Amino acid sequence: MKHSHQPMFYVFAGNNGSGKSTIRNLLIDKIGVDINLDPDAIARRIDPENPESKRVTAGKEVIRSVNKYIKEGKDFSIETRLAGGNAIDRCIRKKKQVTKSPCFIVFRQKTPTSIV
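First things first, this report covers the structure right here in the doc. Quantities reported herein were computed from a predicted structural model and do not represent experimental measurements.

**What to know about helix α2 (residues 39–46)**
And then number 1: Listed in full, the buried residues belonging to α2 are Asp40, Ile42 and Ala43. All buried residues of α2 project into a common sector of 160° when viewed along the axis, lining one side.
And then number 2: Residues of α2 that are buried in the fold lie against α3 (55–72).
And then number 3: Where α2 begins, the side chain of Asp38 points an oxygen toward the backbone nitrogen of Asp40, at a separation of 3.1 Å.

As C-alpha cells, this is what we get:
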C-alpha cells in the first residue's frame, strides 16, 4: 500500500560527546517523533565489548532502516558523526521522498584546561 504522508527526516550530526542525543531529545521528542536511528547505539547493541568493530554492520542497518521508514512514510531522526557522509548523502538523494530534511550540526568547543 502506498502511503500519502511524506516523512520528515531529521539529522543530528556532530562528534562524539557533542550533545546530539541531548539536542535530539529536547527537540524531536517534544513534537512526537518516536524513531531515532543511532549507529553508535546499534553497534553497542550488536557488540557491547567492542562496538567499533561493528560500525559497518550498524551503518548498513541504519541505511536499511532509512529506506524502510521513507517507504512506509514514517517520520524519524538519525544521529551521525558524519564519518562516512551517509546521512547527508541520504538527505540529498531522498529529498523528493521526504517533506523536509532538517540537519542540526552540533559542535562542542573544548574548554581550555589552563590559560598560558
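So, next bit.
**Observations regarding the nonpolar core**
And then number 1: Grouped together as the largest cluster of nonpolar side chains are 13 residues, with contacts concentrated most on Leu37, Val62, Val66, Phe76 and Ile78.
And then number 2: At the level of secondary structure, the elements contributing two or more residues to this core comprise β1 (9–14), α2, α3 and β3 (76–80).
And then number 3: Here this core takes five residues from α3, the largest share from any one element.
And then number 4: Listed in part, the five residues of the second largest apolar core include Met8, Phe12, Ile28 and Val33.

**Examining α3**
And then number 1: When the terminal C-alpha atoms of α3 are compared, their 25 Å separation across 18 residues agrees well with the 26 Å that a helix rising 1.5 Å per residue should span.
And then number 2: Downstream of α3 by one or two residues, Gly73 has phi in the positive range, about 75°.

**Quick notes on the packing of α2 against α3**
And then number 1: Their axes nearest at 8 Å, the elements α2 and α3 cross at an angle of 120°. With respect to each other, α2 and α3 are oriented oblique. In terms of crossing hand, the pair formed by α2 and α3 is right-handed. Where α2 approaches α3, its residues Pro39, Ile42, Ala43, Arg45 and Ile46 are matched on the opposing element by Arg55, Thr57, Ala58, Glu61 and Val62.

About the thresholds
- Residues numbered from 1 in each chain as written.
- Predicted model: local features only at pLDDT ≥ 70, side-chain atom pairs only at ≥ 80, totals over all residues.
- Heavy atoms only, no water.
- Buried < 20%, exposed > 50% of the residue type's maximum accessible area, 1.4 Å probe, protein only.
- Helix = DSSP H or I, 4+ residues; strand = E, 2+ residues; numbered from the N terminus.
- Arc of directions from axis to C-beta.
- Contact = heavy atoms within 4.5 Å.
- Polar contact = N/O pair within 3.5 Å; in protein donor to acceptor, adjacent residues only side chain to side chain.
- Core = buried A, V, L, I, M, F, W, Y, C linked by side-chain atoms within 4.5 Å.
- Expected span 1.5 Å × (residues − 1).
- Axes fitted to C-alpha atoms, helices over the stretch in contact; angles between N-to-C directions.
- Parallel < 35°, antiparallel > 145°, perpendicular 65-115°, else oblique.
- Left-handed = near helix turned anticlockwise from the far one by under 90°.

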